[in-house]
Amino acid sequence: MAQIHGYAAHAAGAELLPFHYDPGKLGPREVEIAISHCGICHSDLHLISNDWGISQYPFIPGHEIVGKVAAVGAEVHTLQPGQRVGLGWQSGSCGVCEWCLRGMENLCPEAEATCVHRHGGYADRVRANARFVLPIPEALASDQAAPLLCGGITVYNPMRTHGVNPSSRVGIVGMGGLGHIAIQFAHAFGAHVTAFSTSAEKEPEVRALGAHHFVNTRESKAMKTAAGTLDFILSTVNADQDWANYLQALRPTGTLCFVGVPPAPVSFPAFPLISGMRVISGSPIGSPSRLLEMLDVAARHGVKATIESFPMAKVNQAIEKVKKNKVRYRAVVTN
Ligand code: NAP
Ligand code: ZN
């Protein structure tokens, strides 16, 4: 097989440099994708700077991939060369553990990530196990669909798990790549949707995406008026916050769910948990079957990422803009 060309980090926090590698022989259950689009998820930035202590260099980041099937392994009968497909954070699992058999492959202890200890999607091609390579519905444009493969599933899955419905009052914290998609899914579920943001200038766009209410979290008074108003709060923020405020914003039996990864351990007073039976939880991406469902819902309800597109060669420029919280709302690199 020909070499794969991409952009790799060679040290923690370093600029990405052109890089190529030999992918070897295509495995019998593998698919090779010729990449057209790849979203820049904040998890890529965490990996580049080794925030989670799991990065190995050099590595090519990128795990919100859309492209065409370039080749399939001998045992792959579900996908054909030329077909448009997507690949998200997860590229493999053991397939035989309790969690895989229950259709919760995202909880498999052997789960393999598309760009952890292997090379991801800021490249011309990428490989993954065929079970994690999914057809993209025709109604979705490739550039707007790529961010759904990680950002979209990460916010859709917990809303499904926690039963968000038309009676729910939902809060979404952080209007970035994940948050702006979460607003749209919460709206599609029929919930009353409140956006929490540090960026007052995002209010008109976020309301247009489906938010009924906008809280500027830089105003402490605004946070106080949110007390006791919400059933489900999804935090997509990658920074430390006064999390007790969000616990206060929950109604009795409400849930605060983390998908964003703040650097410091989160801590809470016990009393609001006890008195109101409030719950703190978290959620990782979603299974292939949930991904298929999410893509179908997105196609039917018009959920799509608002994107800023960059040629692959300008990936460092795109990353800098994400770091500064200047992208509206997801950067996508294209080949
Ligand atoms: P992003 O596009 O950079 O958006 C993050 C948003 O958080 C920003 O747009 C900003 O929204 C808010 N924010 C940033 N700095 C802040 C600060 N200092 N204080 C308060 N708010 C701040 O990032 P993303 O791609 O959506 O990813 C968000 C997080 O989710 C990352 O930690 C990522 O690793 C994690 N993630 C988790 C999973 C999972 O499976 N659980 C999957 C994907 C990503 P405002 O301007 O509105 O305040
Ligand atoms: Zn991601």
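In what follows, the structure referred to is the one given above.
The structure presented is a predicted model; accordingly, all values stated were derived computationally and were not measured.

Reading the values: the criteria
Residues numbered from 1 in each chain as written. Chains lettered and ligands numbered in written order. Predicted model: local features only at pLDDT ≥ 70, side-chain atom pairs only at ≥ 80, totals over all residues. Heavy atoms only, no water. Helix = DSSP H or I, 4+ residues; strand = E, 2+ residues; numbered from the N terminus. Areas by Shrake-Rupley, 256 points an atom, 1.4 Å probe, with all protein chains shown as cover. Lys, Arg positive; Asp, Glu negative; His and termini not counted. Charge placed at Lys NZ, Arg CZ, Asp CG, Glu CD. Buried < 20%, exposed > 50% of the residue type's maximum accessible area, 1.4 Å probe, protein only. Polar contact = N/O pair within 3.5 Å; in protein donor to acceptor, adjacent residues only side chain to side chain. Contact = heavy atoms within 4.5 Å. Pairing = 2+ DSSP bridges. Axes fitted to C-alpha atoms, helices over the stretch in contact; angles between N-to-C directions. Donors = N, O, S within 2.8 Å, 3.2 Å for Na, K, Ca; no water. Salt bridge = Lys/Arg side-chain N within 4 Å of Asp/Glu carboxyl O. Near = heavy atom within 4 Å. Domains from an automatic or database assignment.

Novice: It is not clear to me how the overall build of the protein should be interpreted in this structure. Could you clarify?
Specialist: Per the secondary structure count, the protein includes 11 helices and 17 strands. C-alpha extents for the protein along the principal axes are approximately 60 × 40 × 35 Å. Of the roughly 14,200 Å² of accessible surface on the protein, a fraction of 54% belongs to carbon and sulfur atoms. Each charge class in the protein can be summarised by its mean position, and for the 28 positive and 26 negative side chains these summaries are 5 Å apart.

Novice: Would you mind going over the side chain of H119 with me for this structure?
Specialist: Mapped onto the elements of the fold, H119 is located in the loop between β7 (112–113) and β8 (125–129). Residue classification places H119 among the buried positions, given a relative accessible area of 18%. Only 3.2 Å separates the side chain of H119 from the backbone nitrogen of I60, close enough to count as a polar contact. For H119, the contacting residues outside a window of four places in its chain are F19, Y21, P58, F59, I60, T114 and V126.

Novice: Explanation requested: the sheet that holds strand β11 (residues 192–197) in the structure shown.
Specialist: Backbone-to-backbone hydrogen bonds pair the strands of a sheet. The strands run either parallel or antiparallel. Pairing is parallel in the open sheet, where 6 strands are placed in the order β12-β11-β10-β13-β14-β15. Sheet topology places β12 (213–216) and β15 (279–282) at the edges, where each strand pairs with a single neighbour. Within this sheet the neighbouring strands show an average axis-to-axis angle of 20 degrees, counted without direction. As judged from the 4 bridges shared by β11 and β12, these two strands associate in the parallel manner. Counterpart to F196 in the pairing with β12 is V215. Helix α4 (residues 151–161) rests against β10 (169–173), β13 (230–235) and β14 (250–258) of the sheet, and its axis sits at about 155 degrees to β13.

Novice: What should I look at first to understand the coordination of the zinc ion (ligand 2) in this one?
Specialist: When a metal holds four donors in a tetrahedron, each ideal angle between them is 109.5 degrees; when it holds six in an octahedron, the ideal angles are 90 or 180 degrees. Surrounding the zinc ion (ligand 2) are the protein donor atoms C41 (SG), H63 (NE2) and C150 (SG), which sit 2.0 to 2.3 Å from the metal. In terms of primary sequence, the donors binding the zinc ion (ligand 2) are separated according to C-x21-H-x86-C. Residue H63 is found in the loop between α1 (42–48) and β4 (65–72), and its partner C150 is found in the loop between α3 (142–145) and α4; the two are separated by 87 residues along the sequence. The pair H63 / C150 is uniform in exposure class, with both members buried.

Novice: Looking at this structure, how should I read the environment of V327?
Specialist: On the secondary structure map, V327 appears in the loop between α11 (315–323) and β17 (330–334). Considered as a pair, V327 and I307 are 20 residues apart in the sequence and their alpha carbons are 8.1 Å apart.

Novice: What should I look at first to understand the pattern of salt bridges in this one?
Specialist: Side-chain pairs of opposite charge can arise whenever the charged atoms involved come near each other. Taken as a whole, this structure holds 15 salt bridges when the rule is applied. E203 is paired through a salt bridge with R207; the nearest N and O atoms lie 2.8 Å apart. Of this pair, E203 and R207 both sit in helix α6 (residues 203–208), 4 residues apart, which is roughly one turn of the helix. Relative accessible area serves as the criterion here: at 34%, R207 is assigned to the partly exposed category. Residue E320 pairs with K323 through a salt bridge whose shortest N-O separation is 3.1 Å. One end of the pair, E320, and the other, K323, are both in helix α11, 3 residues apart, so they sit about a helical turn from each other. Of the residues examined, E320 reaches a relative accessible area of 36% and is grouped as partly exposed.

Novice: Just checking my understanding: could you explain the site of ligand 1 for this structure?
Specialist: In the vicinity of ligand 1 there are 29 residues, among which H42, S197, T198, S199 and R330 approach most closely. A distance of 3.0 Å is found between a nitrogen atom of ligand 1 and a backbone nitrogen or oxygen belonging to S283. When ligand 1 sits alone it has 920 Å² of accessible area, and the protein chains cover 86% of it. Secondary-structure elements contributing two or more residues to the shell around ligand 1 are α1 and α5 (177–188). At 3 residues, α1 tops the list of elements feeding residues into the shell around ligand 1. For the shell around ligand 1, the domains that each give at least three residues are domain 1 (4–150 + 286–334) and domain 2 (152–282).

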